[in-house]
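What follows is each chain in one-letter form.
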Amino acid sequence: MRKLFLGVLFCSLLAPVVAPADEVVVYSSRKEHLIKPLFDRYTRETGVKITWLTDKAGPLIQRLKAEGRRTPADLLLTVDAGNLWAAAEQGVLRAIDSPVLERDVPAHLRDPEGRWFGLSKRARTIVYSTERVRPSEITTYEDLAAPKWKGRLCLRTSKKVYNQSLVASLIAHHGEAEAERIVRGWVANLAAPPFSNDTKTMQAILAGRCDLAIVNTYYFGRLQKKNPDIALALAWPNQQGNGVHVNVSGGGVTAHAKHPEAAQRLLEWLASEAAQHDFAAINLEYPVNPRVEAADAVRAWGAFKEDSLDVAEYGRLQAAAIRLMDRAGYR
Ligand code: FE
């Protein structure tokens, strides 16, 4: 009896009867509290184990480069098409062929070569003081360069990729010379030096330092959640023209993934109808999957026309945008 038991044990050590469950290793610049609930659910539903590490986008891309073939990472998740584009340019992502992702993620929100895919959308739009600005006064991003806003505009630093992508979109729509004229106008209208983040920028409006600013919708949503009566509101500019500037968070399978199929299945699930509502809602963002609705709190901000510019342009024009902002004195 004892011999038999040992024999079974020995055999099971040598040749496991059950194949090891799939696993996926994720490097994420999307914060842990935004991804963990989704990953936990995926593991519950599929048995696939997910391990992850979070850091800022730049260090994660550098880490993937330094680790090369030895990387344990199968999937990179990050925010802003500018970062996703940079990751692809630096060779840390692989092209995948996924009819599922091509169906669930609109073409302008993913890499034309299949190396990255948007998973949530955020609008970078105008926020204003409901005490000092009438919504009808707000028309376009370009109009924020007009003299009527002198000493009334606050902006976040040009070092942030979100603003680099926004200025890249101005270049795509207007060409460099006109985009530079617009950015110079913004700088001339600044009420204060640029702020380090979107929340501080909005707090400057609340403190009466300025009357309007450009921010990502979910940062406004966080303030509104804490204070439903906040004296700020979102405006949707460029509705007669190109539409509101939108960007994505997203991901791609790494070039040296050890579990590329499992990583692709996780990416496909994150873009699916099953996961999209929660993936977007947890950060007050919009789903990329057109068959999925945003959370009620997000839809309450109102419907708007979105800019349908290919978000890959934000990456292609990023270096030009950085140089332009530097020339225009946007710090
Ligand atoms: Fe952000």
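Keep in mind the model is a prediction, meaning the values are calculated, not measured.

Asks: Go over unusual backbone geometry, please, and point to the residues and values.
Replies: Phi is positive for Asp80, close to 80°, though the residue is something other than glycine. Counting through the fold element by element, Asp80 comes out in the loop between β3 (75-79) and α4 (81-89). The class for Asp80 is buried, based on a relative accessible area of 0%. Although it is not a glycine, Leu284 sits at a positive phi angle of roughly 55°. Positionally, Leu284 belongs in the loop between α11 (273-281) and β9 (286-287). Given a relative accessible area of 11%, Leu284 falls into the buried group.

Asks: Can you explain helix α7 (residues 176-189)? Please cite residues and give values.
Replies: Note: α-helices contain 3.6 residues per turn, so residues at a spacing of three or four share the same orientation. For α7, spanning 14 residues, the distance from its first C-alpha to its last is 20 Å, which sits close to the expected 20 Å at 1.5 Å a residue. Where α7 is concerned, the buried positions are Ala179, Glu180, Ile182, Val183, Gly185, Trp186 and Asn189. On its buried face, α7 is in contact with β5 (153-154), α6 (161-174), β6 (212-216) and α14 (318-327).

Asks: Help me get a handle on the coordination of the iron ion, residues and values and all.
Replies: Protein coordination at the iron ion: the donors are Tyr162 (OH), Tyr218 (OH) and Tyr219 (OH), at 2.0 to 2.1 Å from the metal. One chain supplies every donor to the iron ion, and in sequence these donors are spaced Y-x55-Y-Y. In this pair, Tyr162 sits in helix α6 while Tyr219 sits in helix α9 (residues 217-226), placing the two residues 57 residues apart along the sequence. On the basis of relative accessibility, which here comes to 13%, the residue Tyr219 falls in the buried class.

Asks: Describe the packing of aromatic side chains, with residues and values.
Replies: In the structure shown here, the tally under the stated rule is 6 aromatic pairs. Consider the rings of Tyr218 and Tyr219, whose centres lie 4.3 Å apart with planes at 40°: the pair is tilted. In this structure, Tyr218 and Tyr219 share a single accessibility class: buried. Between the aromatic rings of Phe220 and Trp301, the centroid separation amounts to 6.0 Å while the plane-to-plane angle is 70°, which identifies the pairing as edge-to-face. Highlighted residues: Phe220 in helix α9 and Trp301 in the loop between α12 (296-299) and α13 (312-316), separated in sequence by 81 residues. An aromatic cluster of three or more residues is present, and its members are Trp236, Tyr286 and Phe304. Between Arg30 and the ring centre of Phe279, over which it is positioned, the NZ or CZ distance is 4.2 Å. We note Lys160 situated over the ring of Tyr162; from NZ or CZ to the ring centre the distance is 4.5 Å.

Asks: I'd like to hear about helix α2 (residues 32-46), residue by residue, with values.
Replies: Spanning 15 residues, α2 covers 20 Å between terminal C-alpha atoms, matching the ideal 21 Å at 1.5 Å per step. Among the residues making up α2, those that are buried are Leu34, Ile35, Leu38, Phe39, Arg41 and Tyr42. Along the axis of α2, the buried positions cluster into a sector of 160°, meaning they face one direction only. For α2, the exposed residues lying more than 90 degrees away from the buried face are His33 and Arg44. On its buried side, α2 packs onto β1 (23-28), β2 (49-54), β3, α10 (260-270) and α11.

Asks: Help me get a handle on the state of the cysteines, residues and values and all.
Replies: Under the definition given, this model contains 1 disulfide. At a sulfur-sulfur separation of 2.1 Å, the disulfide partner of Cys154 is Cys210. Between Cys154 and Cys210 the sulfur-sulfur dihedral comes to about -105°; the bridge is accordingly left-handed. Pair noted here: Cys154 is in strand β5 and Cys210 is in the loop between α8 (198-206) and β6, with a separation of 56 residues, a long-range link. Neither Cys154 nor Cys210 differs from the other in exposure class; each is buried.

Asks: Break down the confidence of the model for the protein chain for me, citing the residues and quoting the values.
Replies: Averaged over all residues, the pLDDT of the protein chain equals 95, while 94% of them reach at least 70. Across residues 1-19, confidence stays below pLDDT 50; counting only partners more than four residues off in sequence or on other chains, it has 0 contacts.

Asks: I'd like to hear about the pairing of β6, residue by residue, with values.
Replies: Counting buried residues in β6 gives 5 out of 5 residues, a clear majority hidden from the surface. Here β6 shows two buried faces, one formed by Leu212, Ile214 and Asn216 and the other by Ala213 and Val215.

Each value, and the rule that gives it
- The residue count restarts for each chain, going from 1 along the sequence in the order it is written.
- Where totals are concerned, whole chains, interfaces and linings use all residues; where local detail is concerned, this predicted model gives features only for residues with pLDDT of at least 70, and gives and counts side-chain atom pairs only at 80 or more.
- Water and hydrogen atoms play no part in the side-chain values, which are based on all heavy atoms of the structure.
- A run of H or I in DSSP counts as a helix once it spans at least four residues, and a run of E counts as a strand once it spans at least two, with each numbered from the N terminus.
- Here's how the labels work: a residue is buried when its accessible area is under 20% of the maximum for its type, exposed when over 50%, partly exposed in between, all with a 1.4 Å probe on protein chains only.
- Expected span of a helix, by definition, is 1.5 Å for each gap between consecutive residues, and there is one gap fewer than residues.
- In what follows, residue pairs with any heavy atoms lying within 4.5 Å of each other are defined as contacts.
- In this analysis a donor is any N, O or S atom within 2.8 Å of a metal ion (3.2 Å for sodium, potassium and calcium), and since water is not included, sites may seem incomplete.
- A pair of Phe, Tyr and Trp rings is counted when the ring centres sit within 6.5 Å of each other, with Trp represented by its six-membered ring. The angle between the planes then sorts it: under 30 degrees is stacked, over 60 is edge-to-face, the rest tilted.
- Should the NZ of a Lys or the CZ of an Arg lie within 6 Å of a ring centre and within 35 degrees of the ring normal, that charge is described as sitting over the ring.
- Think of the arc as the fan of directions from the helix axis to the C-beta atoms.
- Whenever a pair of cysteine sulfur atoms sits within 2.5 Å, that pair is classed as a disulfide.
- Per-residue confidence from the predictor is reported as pLDDT, a score between 0 and 100.

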